[in-house]
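Summary of structural features
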Amino acid sequence: MLAGAEGEAVQRAVAYQIEVGRFFGAERLVPVTNAHMMGDIEVLGDTGLAFLQEMQALGARARIPITTNARCIDFAWANKLGQDPGECAKEKQVIGALQGMNVLTTDTCINYQTLYQPHLGERVAWGDTGTCIYANGVFGARTNFESGPAALASAITGRTPAYGFHLDEHRRGSFVVDLSGATLADLADWGAVGKLVGESHQSYYAVPVFTGFRRTPLADELKQLGCALASYGSMGMFHMVGVTPEARTLEDALCGSVATAVERVAVDDAAIDTVYRGYSLGAGDARLVVFSGPQLSLFEMKQLSLLFAGRTVARGTSCFVTASNGVISASRKLGYLAPLEAAGVIVLEGVCFYILQNLSVMREKNGWQNMVSNSAKIVNIIGAHRFNTILRRSADCVEIACTGRLT
Amino acid sequence: MSDTVLASVSLARAFGPMVEGEAVLSEEGFSPRYDLDRWTGYITKPGHKLEGTNIKDKICFFPTAKGGIAAGWAFNDIKGKGIAPKAFLFGVTNPVMVQGAVLANIVISEGWSQDPRQVFRTGDWVRVDPARRVVELLRRTG
């Protein structure tokens with residue numbers, strides 16, 4: 001590959017992978033079965049679009065299945081949201097270039113719920129960070145954070161450099177988090193745990209081991225936990241004793257006996273309440289409520305549909321939900337979409353709110369100051385657009401959306 | 001290379017060409033998506049320790065990386081827009097930052113022999129030599 005026998009696109013891709021691997025001391029490339037990449041015009045810019053088009057022109061073609069993360073434009077809503085027509089046209093060029101390289105433009109950040117579930121030990125090349133931590137933690141698959149160019153390179157070569165979470169030594173739990181005092185009744189509570197644990201242990205190689213939770217957590221709950229750990233802590237792996245496959249026991253998660261010196265922390269209901277109380281209400285307006293980042297599963301759509309049934313989003317307030325084509329399609333079929341649309345909720349397809357093209361302009365035009373969400377990840381991640389953000393539980397978010405009152 | 005080196009810090013891992021520039025030291029981690037206005041080069045996240053600082057052409061010291069898959073493309077994007085820093089020097093980073101920096105050919109490093117805040121100040125003129133894995137103080141600010 002490196003000698004160019006498989007063409008210049010493959011040569012460039014593998015040379016890039018070798019350079020990245022060299023930084024981390026990787027000794028080899030390993031085969032991967034699946035890739036998942038971010039690639040949208042908001043983050044690519046003109047330089048990134050030109051890169052994709054050049055790679056396509058050089059004959060780049062994915063040799064393993066590769067899917068795309070959420071993008072920045074739902075073309076059905078672009079005009080209404082005031083998104084830039086020129087950027088919309090470029091987004092279509094991005095999609096064209098990716099499809100021309102055999103990339104499946106699925107546009108979802110929850111591929112692990114909706115598209116592909118790798119098995120224990122399976123090596124993949126996934127980004128965004130929420131997909132990575134879910135693959136490592138919940139499935140026991142092996143991946144590093146693979147950004148757009150890295151995941152695309154993996155799909156082109158069918159390989160990835162073996163460093164980080166491809167190696168046993170980095171998968172070992174590094175500290176223990178006791179959840180026995182936490183009720184965790186709402187998805188936002190799981191995100192709050194991720195915030196508390198992530199912020200206090202910021203490191204890609206910090207691997208929390210959760211213990212003490214008294215029921216089986218649901219996939220959506222582990223999704224919120226993982227996304228928040230990755231977002232606040234830049235973490236790519238976690239264990240939950242008795243739940244995740246590399247943590248049948250605490251000793252299993254720590255790869256040996258439990259040292260008395262191992263760091264132990266606890267997150268309980270009081271700590272989670274402190275998280276909610278920690279958000280400033282800013283100017284006190286409640287004109288933007290967002291359910292996004294990560295996209296919603298079918299089960300979350302059902303829950304929201306029940307909470308919004310018979311209600312209406314308050315005048316002057318905007319409420320957004322983002323989900324994949326598949327989840328929206330199923331929601332429509334099952335009758336979950338109609339109550340949301342009747343309430344005035346804007347349901348966007350294939351996007352995530354925080355990456356929407358022109359979001360800063362949208363914020364100014366609509367006079368949005370506070371953004372309320374039940375996702376701890378999006379509350380953290382949207383800051384560069386100058387939102388004041390507030391985390392609230394799901395039902396509280398619905399109440400805020402329908403009353404216009406921030407609590 | 002004949003400059004007088006006033007002080008230096010060794011780097012554990014580094015990539016890219018040798019560069020010189022003005023140092024910006026942060027007490028807080030960094031993500032191009034969470035913290036940076038990628039159209040101006042200013043750090044705009046409310047409350048970030050460097051809020052209001054422009055990182056264009058700077059040698060940036062960040063203790064940690066935050067998030068975030070966006071850096072893979074974002075570094076290339078800000079370089080194309082002419083607003084990229086000359087180097088990202090992290091205490092602890094993540095693969096995305098490295099993948100992005102390699103694509104954009106921006107200097108990146110991880111790991112310090114000592115806390116750079118004890119050696120350098122924002123505004124100092126420093127040189128980063130990835131091949132020798134070192135960052136050197138050439139001129140003291142003020």
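Thresholds, definitions, all that
- Residues numbered from 1 in each chain as written.
- Chains lettered and ligands numbered in written order.
- Predicted model: local features only at pLDDT ≥ 70, side-chain atom pairs only at ≥ 80, totals over all residues.
- Heavy atoms only, no water.
- Buried < 20%, exposed > 50% of the residue type's maximum accessible area, 1.4 Å probe, protein only.
- Helix = DSSP H or I, 4+ residues; strand = E, 2+ residues; numbered from the N terminus.
- Pairing = 2+ DSSP bridges.
- Right-handed = clockwise from strand over helix to strand, strands pointing away.
- 1 Å grid on protein atoms, 1.4 Å probe; cavity = no way out; pocket = protein on both sides within 12 Å on 5 of 7 lines; lining within 4 Å.
- Points joined across faces, edges and corners; volume = space filled by probe spheres on them.
- Nonpolar A, V, L, I, M, F, W, Y, C, P; charged D, E, K, R; others polar.
- Domains from an automatic or database assignment.

Residues and elements named next belong to chain A. The element helix α7 (residues 148–157) is extensively covered by neighbouring structure, given that 10 of its 10 residues are classed as buried. Turning to α7, its buried residues are G148, P149, A150, A151, L152, A153, S154, A155, I156 and T157. In the stretch just after α7, G158 is the one whose phi turns positive, near 75°.

Residue and element names in this part refer to chain A. Reading across from one edge, β3-β2-β4 is the order of the 3 strands in this open sheet, with parallel pairing throughout. The open sheet terminates on both sides in strands that have one partner only, identified here as β3 (66–68) and β4 (125–126). Pairing of strand β2 (residues 35–37) with β4, which is carried by 2 bridges, proceeds in the parallel orientation. Considered in β4, the bridge of H36 is made with W126.

Attention shifts here to the pairing of strand β11 (residues 318–323) of chain A. All names here are of chain A. Counting buried residues in β11 gives 6 out of 6 residues, a clear majority hidden from the surface. On β11, burial covers both faces: S318, F320 and T322 on one face and C319, V321 and A323 on the other are all buried. Pairing analysis gives 4 bridges linking strand β10 (residues 288–291) to β11, with the strands arranged parallel. Paired with V289 across the two strands is C319, which belongs to β11. With helix α12 (residues 298–308) bridging β10 and its parallel neighbour β11, the resulting β-α-β unit is right-handed.

Going through the model one piece at a time under the given rule, you end up with 3 cavities of 30 Å³ or more. What the largest cavity holds in volume is close to 50 Å³. Around the largest cavity, the lining residues are A:Y16, A:Q17, A:V20, A:E146, A:A150, A:S154, A:T160, A:P161, A:Y163 and B:Q99. The calculated volume of the second largest cavity comes to roughly 40 Å³. The residue makeup of the lining of the second largest cavity, split by class, is 6 nonpolar, 2 polar and 3 charged. Structurally, the lining of the second largest cavity is a two-domain feature, drawing no fewer than three residues from each of domain 1 (8–165) and domain 3 (280–403) of chain A.

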